[in-house]
Amino acid sequence: MSPDIRLDVLSCALARDHAEALGRLLADCVEQGASVSFLSGLTAARACDWWAGQLSRDDGRRLVAAFDRQGLCGVVQVIPAGTENQPHRGDIAKMLVAPRARRQGLGGALLAAAEACARQMGLSLLVLDTVTGGEAERLYAKGGWTPVGSIPGYALSTDGRPEATTVFYKALA
């Protein structure tokens, strides 16, 4: 990872200050083909509204945000399961890296920081899902995550085609 990039852990309250940048990042990543719950054509305004809704929740989530000289360049969420029988579990969600910051090790750094954040939150088991066969799948495997399996046709790609999703978990030491 570039020494010019810093990682910050943000509560929802602190992340609200970055809602516009988060929206632009989400819209840019979707436009580049990231299959993260949205179809092609996502506008920055709609993405900002989505983030505003996420950040209005009082569910204990944390965001690990990456900043370079141009501003926000990456993010990942750590979301506690929130159920009485799963106080130890959380989800990793919406890991996004701006096109300008890719291929510099930022994805791995965000993932490691999210795991450290989860430990600080008292979580010992994390779960995530990603498009089967994509670059993120290789990143998670390299990071020590265990694939559970693949679900065919789980979600639509940004162009509307059904794609398989692989579910991963990681027990934190």
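To start, this report covers the structure provided alongside it. Since the model is a prediction, treat every value here as computed from it, not as a measurement.

What counts as what
- Residues numbered from 1 in each chain as written.
- Predicted model: local features only at pLDDT ≥ 70, side-chain atom pairs only at ≥ 80, totals over all residues.
- Heavy atoms only, no water.
- 1 Å grid on protein atoms, 1.4 Å probe; cavity = no way out; pocket = protein on both sides within 12 Å on 5 of 7 lines; lining within 4 Å.
- Points joined across faces, edges and corners; volume = space filled by probe spheres on them.
- Helix = DSSP H or I, 4+ residues; strand = E, 2+ residues; numbered from the N terminus.
- Salt bridge = Lys/Arg side-chain N within 4 Å of Asp/Glu carboxyl O.
- Buried < 20%, exposed > 50% of the residue type's maximum accessible area, 1.4 Å probe, protein only.

1. Describing the layout of surface pockets
What the largest pocket holds in volume is close to 1500 Å³. As for the largest pocket, its lining consists of 48 residues, of which Val-36, Met-95, Thr-130, Ala-136 and Tyr-140 are closest to the centre. Every element with two or more residues in the lining of the largest pocket is listed here: β4 (89–97), α4 (106–120), β5 (125–131), α5 (135–142), β6 (146–156) and β7 (162–171). Among the elements that take part in the lining of the largest pocket, β4 stands out by supplying seven residues, more than any other.

2. Some details on the pattern of salt bridges
Applying the stated criterion across every chain yields a total of nine salt bridges. Its salt-bridge partner being Glu-20, residue Arg-24 comes within 3.0 Å of it at the nearest N-O pair. With Arg-24 and Glu-20 both in helix α2 (residues 19–31) and four residues apart, the pair spans about one turn of that helix. Of the charged contacts, one joins Glu-115 and Lys-170 as a salt bridge, the two residues approaching to 3.0 Å between their closest N and O atoms. Pair noted here: Glu-115 is in helix α4 and Lys-170 is in strand β7, with a separation of 55 residues, a long-range link. Side by side, Glu-115 and Lys-170 carry an identical accessibility label, which is buried.

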